[in-house]
Amino acid sequence: MRRSTLNVTVAVGFLAVAMGILVSRANPATAYESSVYAGPPTIVWAGFALALAIAVGTTLSCRGRQQGFGIALGATTVTAIVSLPVIRNYYFAGMGDALTHLGWTRDIINGGTAPHELFYPGLHAIATVLYFVGGVPIERGLQIGIVVLFVPFVVFVPLAVRGMAGNGLAVGLAAIVSWMVLPVNNIATFMGVHTNSNALFLVPAVVFAVVAYLRRRSTLERLPLGLSPFSALVYLTALALLLVHPQQMFNIVVLVGAISGVQYLARRRFDDHPMLEHPTTYAHTITLGGMFGLWALGNERFRSAATGLVSGLLMQDIGAGTEVDQRGGSLTEIGGSLAELFVKLFLDAAIIGLIVGLFVLAVWLGRTRLDGETKSLVNYVALALVPLGGLFAVYFVGTPTMAFRQVGFIYVLLTILAGIALAQFVGGLSGAITRPGANAVTALVLGACLVLGLMTVFASPLIYNPGQHVTPEMASGYESGLDHGAEDVPYAGMGYDPYRYDHGINGISGGGDRIGGASAATGSVNATVFSQGNYSGAYPTDEYYFTVTEWDRTKEIAVYDELNYRNAALEGLDTEPGANKVISNDEFEMYAVSSEP
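In this report, we go over the structure that sits alongside the text. These figures come from a predicted structure and were not determined experimentally.

A few words on empty space enclosed by the protein. Enumeration over the complete set of coordinates arrives at three cavities of 30 Å³ or more. Taken together, 15 residues line the largest cavity, and the ones lying closest to its centre are Leu 182, Val 184, Asn 185, Leu 345 and Ala 349. For the lining of the largest cavity, the secondary-structure elements that each account for two or more residues are α16 (338-364) and α18 (400-432). When residues of the lining of the largest cavity are assigned to their parent elements, the largest contribution, four residues, is made by α16. Grouping the constituent residues of the lining of the largest cavity by class yields 10 nonpolar, four polar and one charged. The space that makes up the second largest cavity amounts to roughly 60 Å³. Taken together, Met 164, Val 207, Val 210, Val 211, Leu 214, Leu 255, Ile 259, Leu 377, Tyr 380 and Val 381 make up the full set of residues lining the second largest cavity. Broken down by secondary-structure element, the contributors of at least two residues to the lining of the second largest cavity are α10 (203-215), α12 (246-269) and α17 (372-398).

Quick look at the structure:
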């Protein structure tokens, strides 16, 4: 393809993205949306699909500046998709931890909490700066912060691969795999206001800094006191990661520590090896470990999490197996299955994981064409997966949620290795057929994985988990209910415990448990008893406020097919003598339920 034709094609791709963004902005969300994907007009997705098709083709077939244009186009398109809640003017997105993060940010802005008092203030600090500098509402500032933290992922994954392999094809393939956003699994890592997940997208920046340091030679200039510029970059990126979430910083400590261990063994084992030319990471391991220890060990949240992990390891029936069995049973009752959910959530991750696994095996058997430098860097990361996998096993037994968060970090590294692995695969396939044919096959396979990956970046009914879109009506309904409810009367939610909304609306400083809260999810509301029409008997007290949002109805009635709550029971509240509707709008209802009419 001639350069002029290629430039026009890429320009069309950027115009398609721009059109998608403008049309999305012109059609904001006006009511609760159970799916980010169903909200925008169809033409938006047509524009994004065209842009991604051009990006994949250009990234695979071109090199140099033209390939850079293709990578930039794909990264822009995926970032636009991730930004859809912001573009379409969502009031807020997230009903669990996200509302608590909203409350912490509100406390920082109101002066009730200092940023350094939080265990992970990075995202909150971004929203706070946007609030004070740009007048951006807190809710919107947090959503913009998600996008700000996501961008380094699509930028530094291909840069890290470029540092490791220096191969244009590997760089392009790594970029395409990064667009699948494999670290998000919607079980414990999410695309939302969730600092542990947000921190994953900063990890490639730290890996890039480590690779740049390893490839540096001692003849290059140094900063004062003999500090390498790339060492400073490692410390700065790791510090940013620490402030967003320390758990992912701890994984970086394990990664760099594993590299140090491999270097130590290489120096004892070999007299001539590329690893011997690399500067050691011993000091980095100690420094990064010290940074994590100083920040984490004095924090109560860290001590509580560590205690919970130990308790989970020692107690019986605590672990991922029990949780999987419970979810599998629920899926069967609503017409789904674990196999179906696995395909939707993990098929592309499984394919990439298998390819990387076979590639690492081929490297160890000497069946690749990689040079010694690249093999050494690949081995650093591959061998680091051993202790990281050990951490996953510990989490799996002790705290299942933490195990799936660990999977998220592991898949950041697998995304990086996948670029080099796929480049070897395409090279071998080119020998069997032709280079254009190999590119076409690779584009088709990766394109299918890309579609599946982007379809599950956000929660939606497709994965039996409706999107957590908080509308202004939901927020104002809860605000009125919390402000005007009688004292000492608890609140019960059909979905999330109302205390989460109290966090988001009123903040947390000065006491984050001002209201008595309950929900079916915590076991403090008996959904079965409620569905039988025994409204007062569903809650341990004789009187309480029962809150229902449009999200609750969508989840329990439309998606869960009345698995927990029956629609007839909800409708019966309007005629029940002991239940009085005290607040109502299009998205929110609150009933005062009492055992006495």
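Below, the discussion takes up the environment of Pro 229. Checked against the element boundaries, Pro 229 lands in helix α11 (residues 229-244). Take Pro 229: its relative accessible area is 27%, and that puts it in the partly exposed class. For the pair formed by Pro 229 and Tyr 120, sequence separation is 109 residues and the distance between their alpha carbons is 26 Å.

Quick reminder: α-helices carry 3.6 residues per turn. Residues three or four places apart thus point the same way. Compared with an ideal rise of 1.5 Å per residue, which puts 15 residues at 21 Å, helix α13 (residues 282-296) spans 21 Å between its outermost C-alpha atoms and is within 8% of the ideal. Every buried residue of α13 is listed here: His 284, Leu 288, Met 291, Phe 292, Gly 293 and Ala 296.

On the secondary structure map, His 194 appears in the loop between α8 (168-178) and α9 (195-200). On the basis of relative accessible area, His 194 is assigned to the buried category, the value being 7%. A polar atom in the side chain of His 194 sits 2.7 Å from the side chain of Ser 197. If we skip the residues at most four places from it in the chain, His 194 touches Asp 97, Ala 188 and Arg 405.

If a strand is regular, its side chains alternate between the two faces of the sheet. Direction of pairing for strand β6 (residues 579-584) relative to strand β7 (residues 588-594): antiparallel, over a ladder of five bridges. What sits directly across from Ser 584, in β7, is Glu 589. The antiparallel hairpin formed by β6 and β7 contains three residues in its connecting segment.

Before going further, it helps to examine the nonpolar core. Ranked by internal contacts, the top residues of the largest apolar core, which has 152 residues, are Phe 150, Met 164, Trp 179, Val 181, Met 191, Ile 252 and Leu 288. No other element matches α18, which puts 18 residues into this core. Listed in part, the 20 residues of the second largest apolar core include Val 529, Tyr 544, Ile 557 and Tyr 565.

What follows is about a nonpolar patch on the surface. Together, Val 129, Tyr 131, Phe 132 and Val 133 give the surface a local cluster of nonpolar side chains, amounting to about 420 Å² of exposed area. With respect to the helices and strands, Phe 132 occurs in helix α6 (residues 122-134).

Turning our attention to the layout of surface pockets. In this model, the second largest pocket occupies a volume close to 560 Å³. As for the second largest pocket, its lining consists of 30 residues, of which Ala 421, Ala 423, Gln 424, Phe 425 and Gly 427 are closest to the centre. Looking at the lining of the second largest pocket, the elements that each hand over two or more residues are α8, α16, α18 and α19 (435-455). For the lining of the second largest pocket, the element with the most residues is α18, which contributes eight residues. In the lining of the second largest pocket, the residues fall into 19 nonpolar, seven polar and four charged.

The full count for this structure, using the stated rule, is eight salt bridges. Linking Lys 581 and Asp 574 is a salt bridge whose minimum nitrogen-to-oxygen distance equals 3.5 Å. In this structure, Lys 581 and Glu 589 form a salt bridge, with 3.4 Å as the shortest nitrogen-oxygen distance. On the accessibility criterion, Lys 581 (38% relative accessible area) is partly exposed. Looking at Glu 589, the relative accessible area reads 14%, which means it is buried. Linked by salt bridges that have partners in common, Arg 553, Asp 574, Lys 581 and Glu 589 make up one network.

This next bit is on the packing of α11 against α13. Packing of α11 against α13 brings their axes to within 11 Å, and their N-to-C directions diverge by 25°. Here α11 is positioned roughly parallel relative to α13, judged by the angle of their axes. In this structure, α11 crosses over α13, and the sense of that crossing is right-handed. For the pair formed by α11 and α13, the contact residues are Ser 231, Val 234, Tyr 235, Ala 238, Leu 239, Leu 242 and Leu 243 on the first element and Ala 283, His 284, Thr 287, Leu 288, Met 291, Phe 292 and Trp 295 on the second. Residues of the contact of α11 with α13, tallied by class, amount to 11 nonpolar, three polar and no charged.

Under the 1.5 Å per step criterion, the end-to-end length of α17 is 40 Å for 27 residues, consistent within 8% with the ideal 39 Å. Along α17, the helix axis deviates most sharply at Val 386, where the bend reaches about 25°; the proline Pro 387 sits within four residues downstream. In this structure Asp 371 caps α17, since a side-chain oxygen of it lies 3.0 Å from the backbone nitrogen of Glu 373.

This part covers the pairing of β7. In terms of burial, β7 is a largely internal element, five of the seven residues being buried. Alignment of strand β5 (residues 543-549) against β7, held across seven bridges, turns out to be antiparallel. If you follow Val 548 over to β7, its bridge partner there is Glu 589.

Let us look at the side chain of Ser 24. On the secondary structure map, Ser 24 appears in helix α1 (residues 3-26). The exposure class assigned to Ser 24 is buried, which follows from its relative accessible area of 0%. When neighbours within four sequence positions are excluded, Ser 24 is seen to be in contact with Pro 40, Val 44, Leu 84, Ile 87 and Arg 88.

Reading guide: rules and limits
Residues numbered from 1 in each chain as written. Predicted model: local features only at pLDDT ≥ 70, side-chain atom pairs only at ≥ 80, totals over all residues. Heavy atoms only, no water. 1 Å grid on protein atoms, 1.4 Å probe; cavity = no way out; pocket = protein on both sides within 12 Å on 5 of 7 lines; lining within 4 Å. Points joined across faces, edges and corners; volume = space filled by probe spheres on them. Helix = DSSP H or I, 4+ residues; strand = E, 2+ residues; numbered from the N terminus. Nonpolar A, V, L, I, M, F, W, Y, C, P; charged D, E, K, R; others polar. Buried < 20%, exposed > 50% of the residue type's maximum accessible area, 1.4 Å probe, protein only. Expected span 1.5 Å × (residues − 1). Polar contact = N/O pair within 3.5 Å; in protein donor to acceptor, adjacent residues only side chain to side chain. Contact = heavy atoms within 4.5 Å. Pairing = 2+ DSSP bridges. Core = buried A, V, L, I, M, F, W, Y, C linked by side-chain atoms within 4.5 Å. Patch = residues over 30% accessible without salt bridge, like charges linked within 9 Å, V, L, I, M, F, W, Y side chains within 5 Å. Areas by Shrake-Rupley, 256 points an atom, 1.4 Å probe, with all protein chains shown as cover. Salt bridge = Lys/Arg side-chain N within 4 Å of Asp/Glu carboxyl O. Axes fitted to C-alpha atoms, helices over the stretch in contact; angles between N-to-C directions. Parallel < 35°, antiparallel > 145°, perpendicular 65-115°, else oblique. Left-handed = near helix turned anticlockwise from the far one by under 90°. Bend = angle between axes of the 7 residues up to and from the residue.

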